[in-house]
Amino acid sequence: MECGPFLPDSVVLEIFLRLPHDAVLRAGLTCRQWLAVSRDEFLWRELFYSYYRIPRNVPRHPASVSWYREFKRLFDCIPCVEVQTLREHSDQVLHLAFSHRGHRFSSCSKDCTVKLWDTERPDGNISLVHSSSMRQFNWGYTQFSQFNADDTLLLVSGVYLGPHHSSSGEIAVLSLENYTLLSRVRNKPYDVFGCWLNETHLISGNLHWIGNMTSCSVLWLNKAFQDIESENVNVVKRLFKIQNINASTIRTVMVAHCRRHDNPDLLLDYNAQSQARRLKGQQQQQHQPLLFDLGTSGSDEEDDEEQDGTCLRATARPPTQTAISSFEHAKQRRKNVEPSQLAIETQVAQMIGRTHTKAPESNLIEAAEAEDKTYLLFTTGSLTYSPHQIGIKRIKPDQMTTSGPVLGEERSSDEFFDSLDHVIDIHGHIIGMGLSPDHRYLYVNSRAWPAGCIISDPMSPPPIAEEIDLHVIDLKSLREERRSLRAHRAFTPNDECFFIFLDVSRDYVASGAEDKHGYIWDRHYNICLARLAHDDVVNSVAFSPADQELLLSASDDATIKVWRSPRTVRLTQSAARPHRPRGLLASWLSRSKNSTGGGLNGKP
């Protein structure tokens, strides 16, 4: 269609700059001139920054091809449309984990089962393929699971109900070929969770109290199963023995396999990127580490989507996973002990630690520049029982097997403990951790302490904020980067805090919260893009490693919700009918239709 008397492009552009983005795209359907102006890069840059409220010093994603496409990615490719609700669990669902291929995922629940689900059905729906109850092993509930690297074994962590209401944990290893139980390993305290080190070995914990407020955490390497040759080789080996003071313990272990980070999947230094853009050409290769591959999230649709327009639309429970056992233990032991005696105990423990701890052997930051490495990450503390620090310990290649010394014979007689290679203080109660797909960045959920607070009693930590901060730690520089992400909330006090599992994909990070929602942020722009509604606390979220436009969320409402992006929903719905190109306007209409189930419930 052609217009009557033409307005100059500059005038049309000025008009469009004063319109909302949906009106711009609808106006672009009027005539060829308006269509061309409605795709102007300057126009979409202004719409992008104004709509998403992104500071203008933050550049466009380095792998994006246009402002229009980037605008589209931030709403059309976000998994915010609820497409399925799984109700097979009969109690609170605590954790979700995908296989590395993305073809299966597991779920753990207060109903004491671990369930396996299939994500590759032809109709696109997710179905249950197996369920194992752990009550026969005297478990109270299952709390965490993880697939090994080749997706042949499943680690399941739970709470073991021992005598005198003991809350030790236990780890079970299941074969994914025939769902048989291969081994069981004790795990104390239970919120160590456990994790895989490699395809055949897993890490567990043990805790020994050596005073009223002092303990020792021992981390063990365990072979996942005992084969015919096991009677002639070790199946367990002590990795590290670490002293704890002020009622703190090691919890939440995870392994990061860090490469030399030549191609990080996240750009953190905006100034460095700007400099890289100015020094294109010869120096472009030197700045290669600043870039990462966004992918072609819109490649399944035709480029003639320009014939359409679009609009965007923004859219306390009892503790289950707290280390209450350690807290209660220290609380009981200090009942008849004077504060002065506890202070003396702490001073003596610190003195023993200084004189009987094996010194670290290398500087982690210097080593990071030179070689690949494996880190053991965990939460810990030094001031109070609540976890407020990230401990980092490097695992050497000769420590990745159970062969060799079993009980630490390599130590000298006066070296009782292993030192931490690095500690990062979060200044708040840590309630969740997750690694980026490349293991370069560690994302940490925490509830902050008041600024300038002083801890005088280890059993009385400072009050914690309701807002949850999501920190980003660079495992190359071993320091916190950027400002914290914030949108989600929690309400339980220090002694009732439970873990909120988060997950990280190539472009996004997601987390649960106690406010009955899951949240999704963009990793590059640091903005909240979607809230995912449940009827109760959201404990865990998980992106499919094969498709970041598929997200799962698990809740105390005993359901698992399946979320897909508007683009994926649109493509699925159109697969059975003749193809008709659709663009951002169609996506907005689809999201509006599904807004009651999920999506952006309010622009960030």
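Here the structure is shown first, and the text comes after it.
Here is a short report on the structure shown in this document. (Residues numbered from 1 in each chain as written. Predicted model: local features only at pLDDT ≥ 70, side-chain atom pairs only at ≥ 80, totals over all residues. Heavy atoms only, no water.)

A word on the overall build of the protein chain. Helix and strand counts for the protein chain come out as 11 helices and 30 strands. Accessible surface, the protein chain: about 25,200 Å² in total, of which carbon and sulfur atoms supply 50%. (Helix = DSSP H or I, 4+ residues; strand = E, 2+ residues; numbered from the N terminus. Areas by Shrake-Rupley, 256 points an atom, 1.4 Å probe, with all protein chains shown as cover.)

Roughly 1,200 Å³ of internal volume is contained in the largest pocket. Around the largest pocket sit 44 residues that line it, and His100, Gln146, Leu435, His439 and Asp503 are the ones nearest its centre. Counting residues per element, the ones that place at least two in the lining of the largest pocket are strand S2 (93-98), strand S6 (139-147), strand S14 (251-258), strand S20 (428-435), strand S24 (502-504), strand S28 (538-544) and strand S29 (547-555). By residue class, the composition of the lining of the largest pocket is 23 nonpolar, 16 polar and five charged. (1 Å grid on protein atoms, 1.4 Å probe; cavity = no way out; pocket = protein on both sides within 12 Å on 5 of 7 lines; lining within 4 Å. Points joined across faces, edges and corners; volume = space filled by probe spheres on them. Nonpolar A, V, L, I, M, F, W, Y, C, P; charged D, E, K, R; others polar.)

Let us now look at the nonpolar core. Core analysis: the biggest nonpolar cluster contains 39 residues, and Phe48, Tyr52, Ile54, Ile520 and Leu551 have the highest contact counts within it. Secondary-structure elements contributing two or more residues to this core are helix H1 (9-16), helix H2 (21-27), helix H4 (41-52), helix H5 (67-76), strand S25 (508-511), strand S27 (527-533) and S28. Looking at this core element by element, the count peaks at seven residues for H4. In this view, Leu551 contacts Pro79, Ala510, Ile520, Leu532, Val541, Ala542, Phe543, Lys561, Val562 and Trp563; residues no more than four positions away in its chain are not counted. (Core = buried A, V, L, I, M, F, W, Y, C linked by side-chain atoms within 4.5 Å. Buried < 20%, exposed > 50% of the residue type's maximum accessible area, 1.4 Å probe, protein only. Contact = heavy atoms within 4.5 Å.)

With that settled, consider the pairing of strand S7 (residues 153-160). It is a general feature of regular strands that their side chains alternate between the two faces of the sheet. Counting buried positions over the eight residues of S7 gives eight, a clear majority of the element. In this sheet, S7 lies alongside S6 in antiparallel orientation, the contact comprising seven bridges. Looking at the pairing, Tyr141 lines up with Val159 of S7. Linking S6 back to S7 in an antiparallel pair, the connection comprises five residues, with Asp151 at a positive phi of about 60 degrees. (Pairing = 2+ DSSP bridges.)

In this fold, Phe137 is placed in the loop between strand S5 (127-133) and S6. In this structure the C-alpha to C-alpha distance between Phe137 and Leu161, which are 24 residues apart in sequence, comes to 9.1 Å. If sequence neighbours within four positions are ignored, Phe137 has contacts with Tyr160, Glu170, Leu181 and Arg184.

So, on to a nonpolar patch on the surface. The grouping of Ile344, Val348, Met351, Ile352 and Phe416 at the surface amounts to a nonpolar patch, some 410 Å² of accessible area in total. Following the sequence through the fold, Ile352 ends up in helix H8 (residues 339-355). We classify Ile352 as partly exposed; its relative accessible area is 31%. (Patch = residues over 30% accessible without salt bridge, like charges linked within 9 Å, V, L, I, M, F, W, Y side chains within 5 Å. Salt bridge = Lys/Arg side-chain N within 4 Å of Asp/Glu carboxyl O.)

The topology assignment puts Ala533 in strand S27. Among the residues examined, Ala533 registers a relative accessible area of 22% and is labelled partly exposed. For the pair Ala533 and Ser555, spaced 22 residues apart in the sequence, the C-alpha separation amounts to 9.9 Å. Beyond its immediate stretch of four places on either side in the chain, Ala533 contacts Lys516, His517, Lys561 and Trp563.

To continue, consider the packing of aromatic side chains. Using the criterion set out here, one finds 22 aromatic pairs in the structure. Centroid distance Tyr51 to Tyr52: 4.8 Å. Interplanar angle 85 degrees. Geometry classified as edge-to-face. Here Tyr51 matches Tyr52 in class, with each residue buried. Ring centres 5.6 Å apart and planes at 55 degrees place the aromatic pair Phe98 and Phe105 in the tilted group. Three or more aromatic residues joined by ring pairs form one cluster here, namely Trp44, Phe48, Tyr49, Tyr51, Tyr52, Trp67, Tyr68, Phe71 and Tyr525. (Phe/Tyr/Trp six-rings, centres within 6.5 Å; stacked < 30°, edge-to-face > 60°.)

Along the chain, Glu170 turns up in strand S8 (residues 169-175). Within polar-contact distance, the side chain of Glu170 engages the side chain of Arg186 at 3.3 Å. If sequence neighbours within four positions are ignored, Glu170 has contacts with Phe137, Trp139, Val156, Ser157, Gly158, Tyr160, Arg184, Val185, Arg186 and Asn187. (Polar contact = N/O pair within 3.5 Å; in protein donor to acceptor, adjacent residues only side chain to side chain.)

Buried residues dominate strand S11 (residues 201-209), accounting for seven of its nine residues. Sheet topology places strand S10 (residues 195-196) next to S11; two bridges connect them, and they run antiparallel. By the bridge assignment, Cys195 is partnered in S11 with Ile203. Following S10, the chain reverses through four residues before pairing antiparallel with S11. As defined by bridge partners, S11 adjoins strand S12 (residues 215-223) across nine bridges and the pair is classed as antiparallel. Bridge pairing in S12 links Ser204 to Trp220. Linking S11 back to S12 in an antiparallel pair, the connection comprises five residues.

To continue, consider the sheet that holds strand S19 (residues 422-425). Within a sheet, adjacent strands bond to each other through the backbone by hydrogen bonds, running parallel or antiparallel. Pairing is antiparallel in the open sheet, where four strands are placed in the order S14-S16-S17-S19. Unpaired on one side and paired on the other, S14 and S19 mark the two borders of the sheet. Between one strand axis and the next, the sheet turns by 25 degrees as a mean value, whatever way the strands run. Bridge count between strand S17 (residues 389-395) and S19: four bridges; the pairing is antiparallel. (Axes fitted to C-alpha atoms, helices over the stretch in contact; angles between N-to-C directions.)

In this section: the pattern of salt bridges. For the structure shown, the criterion picks out 18 salt bridges. Here Glu549 and Arg567 are joined by a salt bridge, their closest N and O atoms 3.0 Å apart. Of this pair, Glu549 sits in strand S29 while Arg567 sits in helix H10 (residues 566-574), and the two are 18 residues apart along the sequence. A cluster of three or more residues bridged by salt bridges with shared partners is formed by Glu70, Arg73, Arg506, Asp507 and Asp522.

As far as function goes, none of this settles anything; it's purely spatial.
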